[in-house]
Structure formats: structure tokens, C-alpha cells
Amino acid sequence: LVHPSRYASIRHVGRHLPELVRGHALTATWPCLPDLAQLEWARGEVFDAADEAPLVAAQLATLPPESWAELRFCLTPALRVLDLQYPADQVWLALEQGQVPPPASEAAPFSMVVFRLQLVAYHRRAVQGEAAALRALAAGSTFGELCASLEAEHGEGAAPFAFSLLKRWLEEGLLCSLVLPSP
């Protein structure tokens, strides 16, 4: 066995499937297979992830404006950000609709947000800059640092873009808590 099981649960059996598929001959015809396996694994992970109550907009409405720059957000454990090469989301949708997906496609790197909302796993393509923003929050960046990092790409529109991401993340339950700055 290349990757013998280290767990009693069958839940972990496919953990190495994306990397195993990468080296398989089928990828010559179906280059998106590794990305599709990675998406499938991430959907299983978010489904099984620990439950955390999502942060709601009302919790943010009471914050004084001067605290926003130093505000830190915690991401839900039921979130994964993937960097993919092939349109695994389009293949997923075709299969879900009972259609045969096209076998080959060109590589066009993009990021995917995979998350669970209540008891349903979802995935969607990240908007430009979103994957980096989520990774920055996961690494402990403040909201002010996030806005500053978005300035290079969005200029004066960085703060409104950051707030549009924040709104979407609240709607999707991607944020579970916040850390207020020390007084």
C-alpha cells in the first residue's frame, strides 16, 4: 500500500486520492481529475468540521468605528480555500445534472471557496483577491491590514471591496467570531 490507513474510521480513506490521481494515466484524458478529487475531499472535510455559531452582522453594528482597523475575525472550521488548475466546479455541476462533462480542458488557475452552511456543503469560485484575503484573516491579519493589502489592486475602492467581502462572508457563515482590539 502506498498510503496505509492510520485511522480506525473509513472517513479518512480518500485523504491521498488527489495526489495519487495526479500521477495516473487517466489525467491525460481527464486533466481535471486531481482538482475534482481535491474538491470532493474538501467538501467532505467541511461537512465533518466542528460546528461554530456564525458571526452575524448585528454583532458588528455595535462596534465603534475606531475599532475596525484593529479588528480580527476568526474563520469557521468548516471552510477550505483551494487553488485549482482546471474547472472542477464545472465538471461537478455537469455530473450533478446527469450530464457527461467534456474530457479535456485548458488549465486556467483559480481559487475555490468550500464551506458548510448549516448541514449543506457548498463550493464557489473565489472573486479576485478573496482567497488571499481569507488566508490573511486565517493568519491573524486585522481588518485594517486586509484593507491595506487590497489597496494595491483596488486603490480607493479597497475598503468598499473589503466590506463587500465581509458582507458575503457573513451571509455564508464563513466568520464565527471576532477579536476586539485591547483598550
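In this report, we go over the structure that sits alongside the text. Predicted model only: the values in this text are computed from it and were never measured. (Residues numbered from 1 in each chain as written. Predicted model: local features only at pLDDT ≥ 70, side-chain atom pairs only at ≥ 80, totals over all residues. Heavy atoms only, no water.)

1. Things to note about the nonpolar core
Counting 27 residues, the largest nonpolar core has L60, W68, F73, F143, L166, W169 and L175 as its most contacted members. Contributions of two or more residues to this core are made by β1 (72-75), β3 (110-117), α5 (130-138), α6 (143-154) and α7 (158-172). For this core, the element with the highest residue contribution is α7, accounting for seven residues. Excluding residues within four positions of it along the chain, W169 makes contact with R124, E130, A133, L134, L137, L146, L174 and L175. (Core = buried A, V, L, I, M, F, W, Y, C linked by side-chain atoms within 4.5 Å. Buried < 20%, exposed > 50% of the residue type's maximum accessible area, 1.4 Å probe, protein only. Helix = DSSP H or I, 4+ residues; strand = E, 2+ residues; numbered from the N terminus. Contact = heavy atoms within 4.5 Å.)

2. Description of a nonpolar patch on the surface
A contiguous nonpolar surface patch, about 470 Å² in accessible area, is contributed by F47, L117, L119, V120 and Y122. Structurally, the position occupied by L117 is in strand β3. With a relative accessible area of 31%, L117 lands in the partly exposed category. (Patch = residues over 30% accessible without salt bridge, like charges linked within 9 Å, V, L, I, M, F, W, Y side chains within 5 Å. Areas by Shrake-Rupley, 256 points an atom, 1.4 Å probe, with all protein chains shown as cover. Salt bridge = Lys/Arg side-chain N within 4 Å of Asp/Glu carboxyl O.)

3. So, the pattern of salt bridges
Within this structure, the stated rule accounts for eight salt bridges. Its salt-bridge partner being D51, residue R116 comes within 2.5 Å of it at the nearest N-O pair. A residue pair is termed long-range when its members are at least 10 positions apart, and R116 in strand β3 and D51 in the loop between α2 (33-48) and α3 (57-61) qualify at 65 residues. With relative accessibility at 9%, the residue R116 sits in the buried group. Using a relative accessible area of 65% as the deciding quantity, one classes D51 as exposed. Within this structure, R124, E130, R168 and E172 form a network of salt bridges that share partners.

4. A few points about the environment of T27
With respect to the helices and strands, the residue T27 is situated in the loop between α1 (17-22) and α2. Note on T27: relative accessible area 18%, which makes it buried. Not counting the four nearest positions on each side in its chain, T27 is found in contact with V21, R22, L33 and P34.

5. Remarks on the packing of aromatic side chains
For any pair of aromatic rings, geometry is given as the distance between the ring centres together with the angle between the planes. Taken as a whole, this structure holds five aromatic pairs when the rule is applied. The interplanar angle of 75 degrees and the centroid separation of 6.1 Å between the aromatic rings of F73 and F143 together place this pair among those described as edge-to-face. Of the two residues, F73 sits in strand β1 while F143 sits in helix α6, which places them 70 residues apart along the sequence. Across the pair, F143 and F73 agree in class, each one buried. Chaining the aromatic ring pairs together yields one cluster made of W68, F73, F143 and F163. Lying over the aromatic face of F110, R125 brings its terminal NZ or CZ to 3.6 Å of the ring centre. (Phe/Tyr/Trp six-rings, centres within 6.5 Å; stacked < 30°, edge-to-face > 60°. Lys NZ or Arg CZ within 6 Å of the ring centre and 35° of its normal.)

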